Amino acid sequence: MKPLHARYPFMAGAREAVQEASVDLAEVVATDEDVVERALERVEWALTDGTVGDTRRQTRVELLSYPVARVIVSTVDEHICTRKYAQAEAASAHERFVEELETETELRSTRQQHLSLDALLAEFDLGTAVRETGDGFRVTVGTYLELAADQWGDEWRLVNRSLVDGEVPVDREELYVLLKQAIRHRVVDGLPLSVPDVIAENLDEEVERVRETLSNMDLTTEIDTVVPDLFPPCMKHLLDQVQKGEHLAHHSRFAIAAFLTNIGMTTDEIVQLFEVNPGFGEEMTRYQVDHIRGDTSPTQYSAPACATMQSYGDCVNKDDICEDEINESHPMSYYEHRVEEADDDELTDWREGAGEDGDDDSDESPD
Amino acid sequence: MEERTRAYLRGRFGDYYRRAELSPPPEANEREWGYIPWTSGPGETMVRHKSMLDIGAIEEFLARERPRHVYFSAGRYDDPSANSMSKKTWRSSDLVFDLDADHLPSVTLGEDSYAEMLRKCKGALKRLLDFLEDDFAFEDLTVVFSGGRGYHVHVRDEGIQTLDRDARREIVDYVRGIGLDPDGIVRTEMRGNVTARVLSTEGGWGRRVHRRLLEFVSDVESMAEDDALERLQELDGIGEGRATTIYGAIQKNRDAFEAGNVEAGGVGVRTLVDSLVTEVVTDENAPIDEPVTTDTNRLIRLPGSLHGGSGLAVRRIPRDELDDFDPLVDAVPETFTSHDITVELDEETTVELLGDSFTLEAGVVSVPEYVGVFLMARGQAEKGQE
């Protein structure tokens, strides 16, 4: 078992390493608490944070926690859990491989086996579908569509791409995003697994924990009402900052944009809502909002949970609802709670009062 | 349709199939087959979920069953005869395009003749092929006259076989120019210390828009200044001030336009590009029928079979013969060209087939069999007594 496999446990080589070591998963699950704990963490973080958390130092624990996490996800067998889990594995891997590939060679430690872009492409059978050119990469159109069709953002639409001779030009950063998708597909592939009882019965507790987390998140509720007055205090605060033209840290900007997207707002509406401040840079906001949406498909990501908001210092002005009603679970739960409690005639959708001022025809301004 | 008409057509379709040499699509045994028989009563009921095992050799089946319409699936399955899609277990699917004259914006229904509709449809087909062959560089293309109001293109390249619905919708949007964002085909480049907005000239819709921009520039260059300014002001969002700036930029710096630099000439040139984008999409898109392309389980007419609504043959068209292909000549089955028959017409009508135009009075008339079959299949005539 190599550290490389622990970092990228979805790779074929990692699976082989596990097989070669003749690991009995049933035994691991029954006896190795560290592995099970890390596996549960992978899934829980996937649901609440969108990543699988930090790697453990022991290669064995890290590597084996991946198949065990897949077993947990399979036993929970909820579509949303599987989806978020695969997405989080991909997001974490993306972060790792970008860092690894972008680190100058001389700065790398020589002890460790390192990932190369070629190896990563070969792992996903993309060696012939992707070729490097002077100014980036070309991806064959079939492969591009397989990996980009569920990306959000107009810039990913094939119609806006310089498709020529069956190839789509992409830059390095975009290629990394496509690889992230390939990883997501790899992780999702085969899920849910059919889990033998001997393994499942030792994971009862973990599966129960994940179910609990899922029900607290209440991700299944579809909400499509925009009433800024009912926003949770953290989001109100962030929106205020935006509208005043304050500079927000990336995570804060992500949080507010993701929240607004989750309650059903489009990029256009978000841009419009943000536009209250005079120093507002529309293009930048649009870019960022699209980028956030573009990371994954709209139903696949959600605003950070309270725990994440707290760790980034974005949890402010906590009120009774935060503490007593939603148990500091998720800003979405707060908003849903408020919307449910409110009388229907109190609920004036912000979008119904807005939208008349979209006419910014500035024709014949001096050239 | 009366029984004797139906019986006649079915019999003659059988004669056609006994002589026809059909080549089935590749992996015919992994596909679902379906057909619509010549039955009476309202509505047409398709017999489907058949496999090659169920129907046997395709030519024998057609000669025996003599169906009104026959189809095979774009999709390939583990079990093509299972009677639900989930039980079939999908493996892969050809990418299929359908151009139907009924759906073309350029066609005026009730005004354009059948020949005119098909001519316009062929124009759209050529635009579609331009996308498929140049932009997508697909290699395994089969172009087919549908026997009815349009054309089909079957793409069987390896790279598209497993694309899902969403990915196929991207292809639809591409050839239709849906969602084309003027900003999307313009990228920002560093030119020394300043950024410049440059139209993508190497491929995609950017190349098409660029081509149009250069044509426009050449047009304007060839005009007297007053005419040029007037022409520019015809565009949305361009008044006298911007027209003058653009005109100046064209005079001064044509090279910038050649390079796709839309910074030259300021805001006016951007407006010019925006309005050309709309024009280019309108003129150059291929208005295919979206659901056909996105449906990975679609049933499509079998090339070589007869279209029961026209009596014309569904013809594969070799790529190098497309220019000369005339559906109203080349899709007329030879079997129906040897003698005349009698049909009863409800009202007078005109038919163009095999290079002739037949103007027919209402009542009992004697016509070449292919004209009679065409009219009967379309429901405009019944079989008369010989």
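Residues numbered from 1 in each chain as written. Chains lettered and ligands numbered in written order. Predicted model: local features only at pLDDT ≥ 70, side-chain atom pairs only at ≥ 80, totals over all residues. Heavy atoms only, no water.

Enquirer: An account of the overall build of chain A is requested, with residue identities and associated values reported.
Expert: Counting its regular elements, chain A contains 19 helices and 3 strands. A burial count over chain A gives 52% of its 367 residues as buried. For chain A, the accessible surface area stands at approximately 18000 Å², while carbon and sulfur atoms represent 44% of it. (Helix = DSSP H or I, 4+ residues; strand = E, 2+ residues; numbered from the N terminus. Buried < 20%, exposed > 50% of the residue type's maximum accessible area, 1.4 Å probe, protein only. Areas by Shrake-Rupley, 256 points an atom, 1.4 Å probe, with all protein chains shown as cover.)

Enquirer: I'd love a proper account of the overall build of chain B, names of residues and values included.
Expert: Along the backbone of chain B there are 14 helices and 17 strands. A principal-axis box enclosing the C-alpha atoms of chain B has dimensions of 80 × 55 × 35 Å. Within the span of chain B, comprising 386 residues, buried residues form 54% of the whole. Each charge class in chain B can be summarised by its mean position, and for the 46 positive and 75 negative side chains these summaries are 5 Å apart. (Lys, Arg positive; Asp, Glu negative; His and termini not counted. Charge placed at Lys NZ, Arg CZ, Asp CG, Glu CD.)

Enquirer: Outline the interface of chain B and chain A, listing residues and values.
Expert: Contacts between chain B and chain A engage 33 residues on the former and 22 residues on the latter. Together, E170(B), Y174(B) and R242(B) form the three largest contributors to the area buried by chain B at its contact with chain A, with a combined 27%. Where chain B meets chain A, there are 1 salt bridge. E170(B) is the partner of R157(A) in a salt bridge, and the nearest nitrogen-oxygen pair spans 2.6 Å. Scanning the region where chain B abuts chain A turns up 9 residue pairs in polar contact (both at pLDDT 80 or more). When residues of the side of chain B that touches chain A are traced back to their parent elements, those giving at least two are helix 5 (114-135), helix 6 (165-176), helix 7 (204-221) and helix 9 (240-252) of chain B. With 6 residues, helix 6 of chain B is the largest single contributor of residues to the side of chain B that touches chain A. Per-class residue counts for the side of chain B that touches chain A are 11 nonpolar, 12 polar and 10 charged. (Contact = heavy atoms within 4.5 Å. Buried area = accessible area lost by both parts, 1.4 Å probe. Salt bridge = Lys/Arg side-chain N within 4 Å of Asp/Glu carboxyl O. Polar contact = N/O pair within 3.5 Å; in protein donor to acceptor, adjacent residues only side chain to side chain. Nonpolar A, V, L, I, M, F, W, Y, C, P; charged D, E, K, R; others polar.)

Enquirer: An account of the environment of E352(A) is needed here, citing residue identities and associated values.
Expert: By the element assignment, E352(A) lies in helix 19 (residues 350-353). Separated by 126 residues in the primary sequence, E352(A) and V226(A) have C-alpha atoms spaced 9.3 Å apart.

Enquirer: An account of the packing of aromatic side chains is needed here, citing residue identities and associated values.
Expert: If you walk through the whole model with that rule in mind, you get 20 aromatic pairs over all chains. Ring geometry for Y8(A) versus F10(A): centroids 6.2 Å apart, planes at 70°, classification edge-to-face. Of the residues examined, F10(A) reaches a relative accessible area of 5% and is grouped as buried. Here the aromatic rings of W33(B) and F72(B) are separated by 5.8 Å at their centres, their planes lie at 40°, and the arrangement is tilted. A residue pair is termed long-range when its members are at least 10 positions apart, and W33(B) in strand 1 (residues 33-36) and F72(B) in strand 3 (residues 69-73) qualify at 39 residues. Residue class for W33(B) comes out buried when judged on its relative accessible area of 2%. Here the aromatic cluster, defined as three or more aromatic residues joined through ring pairs, consists of F131(B), F136(B), F138(B), Y174(B) and W205(B). One residue, K88(B), lies across the ring of Y77(B), its end atom 5.9 Å from the ring centre. Above the ring of Y8(B), the side-chain terminus of K383(B) is found at 5.1 Å from the ring centroid. (Phe/Tyr/Trp six-rings, centres within 6.5 Å; stacked < 30°, edge-to-face > 60°. Lys NZ or Arg CZ within 6 Å of the ring centre and 35° of its normal.)

Enquirer: Tell me about the confidence of the model for chain B, and please be specific about residues and values.
Expert: For chain B, per-residue confidence averages 91 on the pLDDT scale, and 97% of positions sit at 70 or higher. Reported confidences for the modelled complex are a pTM of 0.77 and an ipTM of 0.91. (pLDDT = per-residue confidence, 0-100.)

Enquirer: Just give me the short version of the sheet that holds strand 8 (residues 150-155) of chain B, but keep the residues and values in it.
Expert: Pairing between sheet strands relies on hydrogen bonds along the backbone, with the strands arranged either parallel or antiparallel. Residue and element names in this part refer to chain B. Reading across from one edge, 6-8-7-12 is the order of the 4 strands in this open sheet, with antiparallel pairing throughout. Across the chains shown, the open sheet's two edge strands, defined by having one partner strand only, are strand 6 (95-100) and strand 12 (315-317). Along the sheet, successive strands turn relative to each other by an average axial angle of 25°, direction set aside. Bridge count between strand 7 (residues 141-145) and strand 8: 5 bridges; the pairing is antiparallel. For V143, the partnering residue across the bridge sits in strand 8 and is V153. Set on the sheet, helix 5 makes contact with strand 6, strand 7 and strand 8; between it and strand 8 the angle comes to about 20°. (Pairing = 2+ DSSP bridges. Axes fitted to C-alpha atoms, helices over the stretch in contact; angles between N-to-C directions.)

Enquirer: I'd like to hear about the sheet that holds strand 11 (residues 299-301) of chain B, residue by residue, with values.
Expert: All names here are of chain B. One open sheet accounts for 4 strands, arranged 2-1-3-11; its pairing is antiparallel. The strands lining the two open edges of the sheet, one partner per strand, are strand 2 (47-50) and strand 11. Taken pair by pair, the neighbouring strands of this sheet meet at an average axis angle of 25°, ignoring direction. Examined bridge by bridge, strand 3 and strand 11 share 3 bridges and lie antiparallel to one another. Directly across from Y71, in strand 11, lies its bridge partner R301.

Enquirer: Describe the nonpolar core, with residues and values.
Expert: Within the largest apolar cluster, 183 residues are counted, with the highest numbers of intra-cluster contacts made by Y85(A), Y144(A), L179(A) and F136(B). Each residue touching L179(A), except ones within four places of it in the same chain, is listed here: F97(A), L117(A), L120(A), L121(A), F124(A) and L126(A). (Core = buried A, V, L, I, M, F, W, Y, C linked by side-chain atoms within 4.5 Å.)

Enquirer: Give a detailed account of the domain arrangement of chain B, specifying residues and quantitative values.
Expert: Looking at the assigned domains, one finds that chain B contains domain 1 (3-175 + 288-336), domain 2 (182-284) and domain 3 (340-386). Here the C-alpha centre of domain 3 of chain B lies 55 Å away from the C-alpha centre of domain 2 of chain B. (Domains from an automatic or database assignment.)

Enquirer: Any details on the pairing of strand 3 of chain B? Residues and values, ideally.
Expert: Residue and element names in this part refer to chain B. Burial analysis of strand 3 places 5 of its 5 residues in the buried class, the great majority of the element. Side chains H69, Y71 and S73 of strand 3 all project onto a buried face; the interleaved residues V70 and F72 project onto the opposite face, where all are buried too. Summarising the sheet, strand 1 and strand 3 pair through 4 bridges and their orientation is antiparallel. When the sheet's bridge partners are listed, Y35 is paired in strand 3 with V70.

Enquirer: Requested: an account of the pattern of salt bridges, with residues and values cited.
Expert: Counted under the stated rule, the structure contains 50 salt bridges over all chains. Between R60(A) and D32(A) there is a salt bridge, with its nearest N and O atoms 3.2 Å apart. Residue R60(A) is located in helix 5 (residues 59-76), and its partner D32(A) is located in the loop between helix 3 (25-31) and helix 4 (33-48); the two are separated by 28 residues in the primary sequence. By relative accessible area, D32(A) is classed as buried at 16%. Of the charged contacts, one joins R212(B) and D283(B) as a salt bridge, the two residues approaching to 3.1 Å between their closest N and O atoms. Of this pair, R212(B) sits in helix 7 while D283(B) sits in helix 11 (residues 266-284); the two residues are 71 residues apart in sequence, bridging distant segments of the chain. On the basis of relative accessibility, which here comes to 14%, the residue R212(B) falls in the buried class. Salt bridges sharing common partners tie together D130(B), D135(B), R207(B), R208(B), R212(B), E215(B), E279(B), D283(B) and E284(B).

Enquirer: I'd like to hear about the confidence of the model for chain A, residue by residue, with values.
Expert: Residue and element names in this part refer to chain A. When pLDDT is averaged across chain A, the result is 82; 84% of the residues are at 70 or more. The least confident element of chain A, judged by mean pLDDT, is helix 15 (residues 282-295) at 63; the most confident is strand 2 (residues 136-140) at 96. Scored below 50 in pLDDT, residues 295-300 makes 16 contacts in the model with residues more than four places away or belonging to other chains.

Enquirer: So what's going on with the packing of helix 5 of chain A against helix 11 (residues 204-217) of chain A? Residues and values would help.
Expert: Residue and element names in this part refer to chain A. Packing of helix 5 against helix 11 leaves a shortest axis separation of 9 Å and a crossing angle of 60°. Of the two possible hands of crossing, helix 5 and helix 11 adopt the one that is right-handed. Each of I72, T75 and V76 in helix 5 lies in contact with helix 11, whose residues at this interface are E206, V207, V210, R211 and L214. (Left-handed = near helix turned anticlockwise from the far one by under 90°.)

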